[in-house]
Amino acid sequence: IAAGNGVHLSRDGGITWKITTGWKITEVMCVVPDPADTNTVYCSTPYGIFKTTDGCATWQEMNNGLTSFFTPSLIVGKEGRLYSVTEDGLFSSGDGARRWERMGLSVSGTRVIAQSPADASFLIAGTENYGLYVSHDGGKIWTRSESGVDHMTFYSVVFDPVNPEIVYAGGYVTGVYKSLDGAKSWKRMNEGLGNLNVHGIGVDPLDHNRLYAATLWGGVYTSGDGGATWKNAGLTGAQVWNIVIATF
């Protein structure tokens with residue numbers, strides 16, 4: 001769990017929890033396990049990127065090459081390449097975060113990055129105040145995705161796991177946007193969504209029409225028809241920052 005006082009780890013299915021990070025890593029904004037190595041985990045913080053290779057026993061700063069240490073989120077992409085968003089734009093690393101390199105997007109206030117499950121070169125970034133950006137060459141060249149978008153702050157971008165031409169995006173008072181054509185155009189899908197501050201979107205990998213929206217002060221909303229309609233699913237009034245759907 002990424003929390004305001006460090007990385008929390010449970011080894012008994014969530015019955016008990018232990019803070020694994022020390023005083024140096026306080027607020028954690030994102031925790032990302034390496035899918036190729038269960039002992040390797042990355043976390044992004046307002047103070048940069050940290051990494052463990054021993055199952056959270058020890059952590060090491062991994063900020064070489066970053067020009068801004070405010071790193072709201074990161075992902076482990078295909079072939080293990082890392083992508084990190086910062087207050088100073090987008091960075092990537094091909095060597096396990098030992099060295100970060102600036103990518104083509106230098107928009108201030110980049111907040112989220114997503115990679116197509118079908119095409120590693122297709123990336124979408126959400127920013128604060130500057131909208132959505134798309135790259136089709138692995139992050140070298142970016143263009144703003146504007147058609148149908150009338151909001152500028154986005155905190156969540158998610159590809160449909162079945163049809164990668166379908167993409168969802170959410171953010172500050174945006175509700176949920178949906179694209180059916182690979183982010184060329186967007187449509188708002190907010191019927192029944194009682195809170196439009198969407199910080200996280202989850203797509204059920206076993207039923208790609210089942211969606212979940214994490215809202216700020218509105219709890220969790222769910223949709224069973226690909227975002228056409230929504231209903232509250234609980235935690236009413238809570239600040240919910242993210243949704244992760246696990247399948248076993």
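Check the entry above for the structure.
Keep in mind that this is a model prediction, so the values were computed, not measured.

**With respect to the sheet that holds strand 11 (residues 101–102)**
- Pairing within the open sheet is antiparallel, and its four strands lie in the order 8-9-10-11. Of all strands in the sheet, those with a lone pairing partner are strand 8 (73–76) and strand 11, marking the two edges.

**Re the pattern of salt bridges**
- One pass over the structure, following the stated rule, counts four salt bridges.
- With its nearest N and O atoms 3.1 Å apart, the salt bridge here joins Glu-87 to Arg-111. Taken as a pair, Glu-87 in the loop between strand 9 (82–86) and strand 10 (89–93) and Arg-111 in strand 12 (residues 110–115) lie far apart in primary sequence, 24 residues in all.
- Judged by relative accessible area, Arg-111 falls into the buried class, the value being 12%.
- Across the pair Arg-144 and Glu-146 runs a salt bridge whose closest N-O atoms are separated by 3.7 Å.
- For Arg-144, a relative accessible area of 33% translates into the label partly exposed.
- By sharing partners, the salt bridges in this structure join Glu-87, Arg-111 and Glu-128 into a single network.

**As for the side chain of Thr-71**
- Tracing the sequence through the fold places Thr-71 in the loop between strand 7 (60–61) and strand 8.
- The exposure class assigned to Thr-71 is buried, which follows from its relative accessible area of 0%.
- Setting aside residues up to four positions removed in sequence, Thr-71 forms contacts with Met-29, Ser-44, Thr-45, Gly-48, Ile-49, Leu-66, Ser-84, Val-85 and Thr-86.

Conventions used here
- What you see as residue numbers is a count from 1 along each chain, following the sequence as written.
- In keeping with the model being predicted, local features are shown solely for residues with a pLDDT of at least 70 and side-chain atom pairs are shown and tallied solely at 80 or more, while totals for entire chains, interfaces and linings include all residues.
- Based on all heavy atoms of the structure, the side-chain values leave hydrogens and waters out of the count.
- Strands were regarded as paired on the criterion that DSSP finds at least two bridges between them.
- A run of H or I in DSSP becomes a helix once it reaches four residues, and a run of E becomes a strand once it reaches two; helices and strands are each numbered from the N terminus.
- Salt bridge, as used here, is a side-chain nitrogen of Lys or Arg placed within 4 Å of a carboxyl oxygen of Asp or Glu.
- Three labels apply to residues, based on accessible area from a 1.4 Å probe with only protein chains included: buried if under 20% of the type maximum, exposed if over 50%, partly exposed otherwise in between.
- Contacts are assigned to residue pairs with any non-hydrogen atoms lying within 4.5 Å of each other.

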